[in-house]
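Remarks on the overall topology
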Amino acid sequence: VQLQASGGGLVQPGGSLRLSCAAAGSSVSSNRMGWYRQAPGKQRELVAQFTSGGNANYAPSVKGRFTISRDNAKNTVNLQMNSLKPEDTAVYYCVRLALSPKYDIWGQGTLVTVSS
């Protein structure tokens, strides 16, 4: 299984970015998929995920601003990030989530920097 994230970059506060994660060797439609982020000196945070029932859940810090979606035809999971704040600055990781975190599969991260 390989997860390839893209779309990170530098954006001004209030701006938007769209992250995309292409999955190879695993179907995004039949697995729990999510996005984690980790900022320097901070704990890793699960910001958005699809539950086993297919519902989208969000961390309180991003609810109302971020939207997770998936394109089954392209086998991608996306994260639309709006109204970005400096505190959203982090490396964002696409993850295939397992029942036990030790079996989660991580892609490489993509850096998002929110700064004026």
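Residues numbered from 1 in each chain as written. Predicted model: local features only at pLDDT ≥ 70, side-chain atom pairs only at ≥ 80, totals over all residues. Heavy atoms only, no water.

1. Focus on the overall build of the protein
Applicable threshold: Put simply, DSSP H or I for four residues or longer makes a helix, DSSP E for two residues or longer makes a strand, and each gets a number counted from the N terminus. All radius of gyration figures rest on C-alpha atoms, and the globule criterion is 2.2 Å times the number of residues raised to 0.38. Categorising residues by exposure relies on relative accessible area from a 1.4 Å probe, with only protein chains included: less than 20% of the type maximum marks a residue as buried, more than 50% marks it as exposed, and the intermediate range marks it as partly exposed. A contact between two residues is defined here by any heavy atoms of the two lying within 4.5 Å. Residue-level accessible areas treat just the shown protein chains as cover; the underlying method is Shrake-Rupley with a 1.4 Å probe. Charged-residue counts in this description rest on Lys and Arg as positive and Asp and Glu as negative, His and the chain ends being excluded. The location of each charge is read from NZ of Lys, CZ of Arg, CG of Asp or CD of Glu.
Each helix and strand in the protein was counted, giving zero helices and eleven strands. Its helices and strands in sequence order give the protein the pattern β-β-β-β-β-β-β-β-β-β-β, from N to C terminus. Taking 13 Å as the expected radius of gyration for a compact globule of 116 residues, we find that the protein reaches 13 Å, a close match to that expectation. Here the C-alpha coordinates of the protein stretch approximately 40 × 30 × 25 Å along the principal axes. Put simply, the protein has 116 residues, and 38% of those count as buried. Taking the intrachain contacts of the protein between residues at least 6 apart in sequence as the baseline, contacts between residues at least 24 apart amount to 54%. On the protein, roughly 6,100 Å² of surface is accessible, and the fraction owed to carbon and sulfur atoms is 48%. Distance between charge centroids for the protein: 4 Å, based on 12 positive and 5 negative side chains.

2. Considering the pairing of strand β11 (residues 110-114)
Two faces belong to every sheet, and in a regular strand the side chains alternate between them. Rules: Pairs of strands are assigned from DSSP output, requiring at least two bridges between the strands.
Along β11, the buried face is formed by T110, V112 and V114; none of L111 and T113, which line the opposite face, is buried. Bridge count between strand β2 (residues 9-11) and β11: three bridges; the pairing is parallel. Within β11, the position partnered with G9 by the bridge is V112. With three bridges joining them, strand β9 (residues 90-97) and β11 adopt antiparallel strand pairing. Residue pairing for β11: Y92 is matched across the bridge by T110.

3. Describing the packing of aromatic side chains
Where we set the bar: Aromatic rings from Phe, Tyr and Trp, with only the six-membered ring used for Trp, were paired whenever their centres fell within 6.5 Å, and each pair was classed as stacked if the ring planes differed by under 30 degrees, edge-to-face if by over 60, and tilted otherwise. Lysine and arginine charges are scored as sitting over a ring when NZ or CZ, respectively, is within 6 Å of the ring centre and within 35 degrees of the ring normal.
Taken as a whole, this structure holds two aromatic pairs when the rule is applied. Judged by centre distance (5.3 Å) and plane angle (65 degrees), the rings of Y93 and W106 are edge-to-face. A residue pair is termed long-range when its members are at least 10 positions apart, and Y93 in strand β9 and W106 in strand β10 (residues 105-106) qualify at 13 residues. Y93 gets classed as partly exposed once you look at its relative accessible area, which sits at 22%. What makes W106 partly exposed here is its relative accessible area of 29%. Three or more aromatic residues link up through ring pairs in this structure, and these residues are Y36, Y93 and W106. In this structure, R70 packs its charged tip against the face of F50, placed 4.1 Å from the ring centre.

4. Brief notes about the pairing of strand β5 (residues 45-50)
Bridge count for strand β4 (residues 32-38) against β5 is four bridges, and the pairing is antiparallel. Bridge assignment links G34 to a residue of β5, and that residue is Q49. Count of turn residues in the β4/β5 antiparallel hairpin: six residues, of which G41 carries a positive phi of about 75 degrees. Inspection of the sheet shows β5 paired to strand β6 (residues 56-58) by three bridges, in the antiparallel sense.

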